[in-house]
Each structure stands twice: as structure tokens, then as C-alpha cells.
Amino acid sequence: MDAPALTPLTSFAPPARRALDATLLTVVIPAFNEEAAIGETVRTIASWLSAHVPHWDILVVDDGSTDHTVEAVLNLSPSLHSSLLRLSRNFGKEAALTAGLDHARGGVVIGMDADGQHPVDLLGPMLKHWLEGVDMVYAVRQDRDQEPGFKRVGARWFYRALGMGGQIHIPEDAGDFRLMDRCVVDALKALPERSRFMKGLYAWVGFRTLGLPYTPLARQHGVTTYSKRKLIKLAWTGFTGFSALPLRVSSAVGLLLSALAFVYGVVVVIDNLFFQGSVPGWPTIVASIMFFSGVQLLFIGILGEYLARVFDEVKGRPTYLVADITPSSGTRHAVE
């Protein structure tokens, strides 16, 4: 008797035929304190979509803004097809993107920033490649000269270190500006982890991908709210989520120090047994103890960071909480 054919538990297969006139396109825009820029950004995107795409909508995710970002979105014209998803507090951009993907209705979803620096002219080539069968088209930043030195140098070294010990290849200078087929969105929604590093998750799910070069536009309104502290926190989240390099370095350094200590011990024993040499004084002993204790505490701290990630996952708290949803009709619905 033949064994029954096994079917996969989860399938994210892309459709065999793609047609833009039969597909809803959703643009997801996470926003935090962008009252000065969000209106112009939505109008620019809507103007391009209305001229090139038959069916589309825009979803703005307010990530707990403390300014008038919510009011700016609610005052937009209904003709812009913009809906508002308001989170209960500031959960961070990664959580806001996750919320946007969870609530996006389109068969094609595009992520764009609220500051207006992502050029809409790139949407055409993205859609062209999607129609040709590419599941995810991401924009690769070509010019970082306008960025602060801290961010520019930090990004370079971050991707280098991540590439050395990473589980997957994460494209350098590829951000959240990307087009995703529904199969990619469903795959991302199926990932259960809560400490999310979206650039790593995009690469992890795979599918047919393609990078397109672009140069970001100058910010016309407002200032960035992404501080150095947030950048460092995001980098560490990505590093601990997609690389075991810190743990491996800790093991290697521990092994090296143990070997040096063993060799030093052998030298001391031989010196005392055969040459009646004197053991170095207390300063040397105290300095050695302090050094090795410091190294141990450092590596325990690294181990603790990974354990903290496990603790966050075990608690099972949601990645975000939705306060209310306002569709393009302007009627706000509270979330039960």
C-alpha cells in the first residue's frame, strides 16, 4: 500500500499569474511624531498611485505619537484612501511595521517612511519586477554621505560583523522601503518572535528577491526622531537575533585565557621546583584576579542578553496593542 502524499502545513506559494488591474496595492507608512511631513508624504504617494494603479489604499500606523500626527492624518481628504491604525503607545518602528503588515489588505504591500525621503518614482520599477515574478523588491541606499558619521560608520561595521557570524545574508543598506507580494507578507505574519528585527526577517523568509539602487530625497519637513540610543538598541536586537558571534567570541577568548593561565601555571611550577624562583608579589596576583573577573562578568553579561531575549519570548506578550482603527471613511472603530 502506497504511503499517502504529505502536504506542507503552511504554504506561501505566490500566484501563478499576476495582474495589477486585479490586485489591491497597500502602502504601509509607520509614523512617529511626523505631523509636519505626514500630510505631504501621503498626498505625494496617493498622487502617484492614482495615476498608475487601479486599486490601492494607504495605511498609516501611528506609533504613539505625542504631537498632532493623528490629527494630520484624520484631516486628509477621503480621496487619498488613507486609513489610520493607532497603537496604544510607542512600541518602536519594528512593531509599527509589524502592525501595518498584519492589517494590510493588499495582495501587494509596499513599506515606505513617513518623512517623504523614499522616492515614489521607484514604485514603477518595483511593480514591473513584481509583474515579472519577483516576490520582494527592496531599495538599496546608494549614498550615505548626508548621514551623520556615527550612523554611517556604525552601519558599515554592523553589517560586517553580522556577516561574519550571521545565519543568513542580510543585504547591506537595504531598509524598509520595499515591495512585498502577499506570499511574503503572510510568511512574515506567521513568524512568532516578538523581538523583531525586520531587515533580518525580510532576508530570513527568502522567496525571489531583487534589490534596486536609490538615492533618498532630502527631508523637507520636521526632523528625524530616531536617536542614537534607538539605533544602538535596534542593532543589538538584530545582532542577538541573527548572530551567535558574541557567544562564539566569548568562548574563544575564554579558551585563549585558559590556555595562557595554564602555561603560566606550568612556568611557575617549574621555576619553583627546579630554580627556586620567587613567585611574583601580590600586585601581580591581584591584577590577574581583577582582569579575569572582569572578563567573566563581561561574558556573563553577553550571555544574559541572549537569555533576556528568551525571557521576552516566553512571556508571550503581543508585539503591539491597537488603540483604534480609522478607515478612509473617517469613522473611528475602537478595538475590543
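Since this is a predicted model, take the numbers as computed values, not measurements.

Colleague: Would you take a moment to explain the pattern of salt bridges for this structure?
Modeller: Where charged atoms of side chains with opposite charge meet at close range, the side chains can pair. The tally for this structure, following the rule as stated, stands at 8 salt bridges. With its nearest N and O atoms 3.1 Å apart, the salt bridge here joins Asp57 to Arg105. Of the two residues, Asp57 sits in strand E2 (residues 56–62) while Arg105 sits in the loop between helix H3 (93–103) and strand E4 (108–111), which places them 48 residues apart along the sequence. Classification of Arg105 by relative accessible area gives exposed; the value is 61%. Arg208 is paired through a salt bridge with Asp135; the nearest N and O atoms lie 3.1 Å apart. Here Arg208 is found in the loop between helix H7 (198–205) and strand E7 (209–214), whereas its partner Asp135 is found in the loop between helix H4 (123–131) and strand E5 (136–141), with 73 residues between them in sequence. Here Arg208 falls in the partly exposed class, since its relative accessible area comes to 46%. Each member of the salt-bridge network shares a partner with another, and the members are Lys93, Asp113 and Asp176.

Colleague: What is the right way to look at the side chain of Glu34 in this model?
Modeller: Position of Glu34 among the secondary structure elements: in the loop between strand E1 (25–31) and helix H1 (38–52). By relative accessible area, which is 8% here, Glu34 ends up buried. Excluding its chain neighbours within four sequence positions, the residues that come into contact with Glu34 are Asp67, Thr69, Ala114, Asp115 and Arg219.

Colleague: I keep staring at the environment of Val184 and nothing clicks. Help me out?
Modeller: You can see Val184 is positioned in helix H6 (residues 182–190). For Val184, a relative accessible area of 0% gives the class buried. Taking the C-alpha atoms as reference, Val184 lies 7.3 Å from Val205; in sequence the two are 21 residues apart. The residues touching Val184, leaving out its near neighbours within four places in the chain, are Asp135, Met136, Val205 and Phe207.

Colleague: Can you help me understand the environment of Gly133 in this one?
Modeller: Within the element layout of this structure, Gly133 appears in the loop between H4 and E5. By relative accessible area, which is 16% here, Gly133 ends up buried. Apart from the residues within four sequence positions on either side, Gly133 is in contact with Arg18 and Arg208.

Colleague: Please explain the packing of aromatic side chains as it appears in this structure.
Modeller: Here a ring pair, both rings aromatic, is described through the centre-centre distance and the interplanar angle of the planes. Inspection of the entire model under this criterion finds 1 aromatic pair. Taking the centre distance of 5.7 Å and the plane angle of 85° together, the rings of Phe177 and Tyr214 count as edge-to-face. Taken together, the positions of Phe177 in strand E6 (residues 174–181) and Tyr214 in strand E7 put the pair 37 residues apart, joining distant regions of the chain. You can call Tyr214 buried: its relative accessible area is 10%.

Quick notes on the rules
- Residues numbered from 1 in each chain as written.
- Predicted model: local features only at pLDDT ≥ 70, side-chain atom pairs only at ≥ 80, totals over all residues.
- Heavy atoms only, no water.
- Salt bridge = Lys/Arg side-chain N within 4 Å of Asp/Glu carboxyl O.
- Helix = DSSP H or I, 4+ residues; strand = E, 2+ residues; numbered from the N terminus.
- Buried < 20%, exposed > 50% of the residue type's maximum accessible area, 1.4 Å probe, protein only.
- Contact = heavy atoms within 4.5 Å.
- Phe/Tyr/Trp six-rings, centres within 6.5 Å; stacked < 30°, edge-to-face > 60°.

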